[in-house]
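# Commentary on secondary and tertiary structure
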Amino acid sequence: MSPQTALLEALRLLLPRGALLCDKEDLHPYECDGLSVYRALPLAVCLPETVEQVQQILQLCYARRVPVVARGAGTGLSGGALPSPGCVVLSLAKFTSILEIDPDNRIARLQPGVRNLAISQAVACHGLYYAPDPSSQIACTIGGNVAENSGGVHCLKYGLTVHNVLGIKLLTMAGELLVIGGATLDAPGYDLLAVINGSEGLMGVIVEVTVKLLVKPERAQVVLAAFDDIGRAGEAVGGIIAAGILPAGLEMMDNLAIRAAEAYSHAGYPVDAAAIILCELDGGNEEVSEQISCVRQLLLKAGAIDVRSSRDEAERLQLWAGRKAAFPAVGRMAPDYYCMDGTIPRRRLAEVLVRISEMSREYGLVVANVFHAGDGNLHPLILYDANKPGELARTEAFGGRILELCIAVGGTITGEHGVGMEKIDQMCHQFNPPELAQFHALKHAFDPDGLLNPGKAVPTLHRCAELGGMHVHGGKLPFPELERF
C-alpha cells in the first residue's frame, strides 16, 4: 500500500461517511480561492464536524509529514487557500455554530465557520453589532477574517479584525490546543493575538473565536460627494481627517467603478462624476448633525460639485450596498479582473492615482479604482481577458508595479487581503533579510516542520536572493543558520 493510500484509509476511519473527498471531480471546488488564476488539486479534502476530529487529522498528517491547508469559505483574494502539492485541505465549513452571546459583557464566542454578517444578525436583537464588515461579509467567515486580518468599510473608526478579537483557540500542526486571550480586554504575556490575526494559516488551525460587540449608534448618516477631478477627491479625504473628524467609513470610487456599481445595484450614484466619496458619520444625534455640517463645508471647499446626505436608514444602506457590490459589478465589464490590495499614506493618494492611470495606459489595461480612502487602502481592479495570449502575464506585471509603487511612497503591499501566493515576491521588496528571517523564526516556533500552508505569505531567503532583493556573497546567504529557509 502506498503512503498516500495508507493516509487516505486512516483519514477515512477518522471521519464520518462522506466527510473525506478524494475523487477528482469532488476536489475541483477546492482547487483555488477567490484568486482563481492560481489552481491546484489537493490529495484530499477533509470536512470534520468536531474539534476532536480536526485534532486527529492534524496529528495524523503531522506524524506522516503531510502538509495541511486550512480553508474557510474560500473568498480570499490572494491565493492563501491554494492547495500545496500532495496536501490535505482541512475545511472548517461545518463549524457554523454561535457558541455564546453575552450581551452584558458585549462578547460572542463563535466557531470559525460562522459568516461575518451572521454575527451582527444574531446580536441585533440586543442592540449590538460586530464592526468589521468586509465587502464579502455575506459569505466570508470569522475564521478566515482572523487569518487575513480583514477590514471593511468601517475599519477606519472601529479597526480591523485584530482590534475586535478578544480570544482565539487554535490547534497546532501537532494537534496541541492553544488558548490565546479570552473574554477580557487584556491578558498577561506576549500579545499573541496580534501574531495570529493576519497569520494566513501558517501558525495553527483556528477552532474558536471570541469577538467584542459594539452598541449600535443612535444615528448613522452617509454624505455622498461628487467630484469632477479624481485628484481633488483624493485631497478632500485628507482634509476631512486633518479637520479632526473620524468618520465611521470614508470610501472613494472612480468613474468606472461608479458606473459599474450603479448599473449593478442602482444605488443612486452620479454616473458622470470623475469620483465620489462616501463619508459616514455616526454617534449621538447632535454630534452627527454637527459633523455632517462640517464635512459638507469641507467637501465643497475641496471642490465637490455635488454633496448630499442619506435621508433615512434605507438610503444609507443602499449607498453602502453600491460600494460593497463594486467588485462583482466591475466583473460584468470584462471577462476577468484582477483585484489588487495595497495601502499608502493618505497624503499620497492623489499622486498614486495619477501614477496608476499612467501605468494603465502603459500596459493597455483598464483599471477601476475602489478605495478604503480613510486608511489609504487601495483596491485597483485591473480588467483583462485571460483568453488573450499574454494578457494575464501583463496584468500580473501591472499589479506588481502597483504594489511596488505602494512601497515606494511609504505604504505596504496589503491592507486586508493578505500575501498568500499573489504577493510573495513583493515581500522581498518590502522587507530586508533580517526581517524575513524573524518571520521564519516565528513560523518555526509554531510549526517547526513547515507543514501548515507551506509556501505562502513569507518568501524564502533563497527566493529573495534570486529576485535580487538581497545581496548574496559567494553564493551564500548572509544568515548561515537559516540556510533551510
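What you are looking at is a predicted structure, and each value in this text was computed from that prediction instead of being measured.

Turning next to the pairing of strand E13 (residues 249-254). By the criterion of burial, E13 is predominantly enclosed, with 6 of the 6 residues buried. In this structure, E13 lies alongside strand E14 (residues 275-283), joined through 6 bridges in antiparallel fashion. Looking at the pairing, Leu 250 lines up with Cys 279 of E14.

The interhelical angle for the contact between helix H13 (residues 349-363) and helix H14 (residues 391-408), taken along N-to-C directions, is 160 degrees, at an axis separation of 11 Å. When the axes of H13 and H14 are compared, the pair comes out roughly antiparallel. For the pair H13 and H14, the crossing hand works out as right-handed. For the pair H13 and H14, contact is made by Val 352, Arg 355, Ile 356, Met 359, Ser 360, Glu 362 and Tyr 363 and by Arg 394, Ala 397, Phe 398, Arg 401, Ile 402 and Leu 405, respectively.

Our next topic: the state of the cysteines. Tallied over the entire structure, the rule returns 1 disulfide. The side chain of Cys 428 participates in a disulfide bridge whose partner is Cys 464; the two sulfur atoms lie 2.1 Å from each other. Sign of the S-S torsion, about -80 degrees for the bond between Cys 428 and Cys 464, identifies this disulfide as left-handed. A residue pair is termed long-range when its members are at least 10 positions apart, and Cys 428 in helix H15 (residues 427-430) and Cys 464 in helix H17 (residues 461-466) qualify at 36 residues.

A few words now on the sheet that holds strand E9 (residues 177-181). Strand order across the open sheet formed by 5 strands is E5-E6-E10-E8-E9, with antiparallel pairing between neighbours. Each edge of the sheet is formed by a strand with only one pairing partner; in this case those strands are strand E5 (98-102) and E9. Within this sheet the neighbouring strands show an average axis-to-axis angle of 10 degrees, counted without direction. Strand direction decides the pairing type here: E5 and strand E6 (residues 107-110), joined by 4 bridges, are antiparallel. Within E6, the position partnered with Ile 98 by the bridge is Leu 110.

Scoring rules and cut-offs
Residues numbered from 1 in each chain as written. Predicted model: local features only at pLDDT ≥ 70, side-chain atom pairs only at ≥ 80, totals over all residues. Heavy atoms only, no water. Buried < 20%, exposed > 50% of the residue type's maximum accessible area, 1.4 Å probe, protein only. Helix = DSSP H or I, 4+ residues; strand = E, 2+ residues; numbered from the N terminus. Pairing = 2+ DSSP bridges. Axes fitted to C-alpha atoms, helices over the stretch in contact; angles between N-to-C directions. Parallel < 35°, antiparallel > 145°, perpendicular 65-115°, else oblique. Left-handed = near helix turned anticlockwise from the far one by under 90°. Contact = heavy atoms within 4.5 Å. Disulfide = S-S within 2.5 Å.

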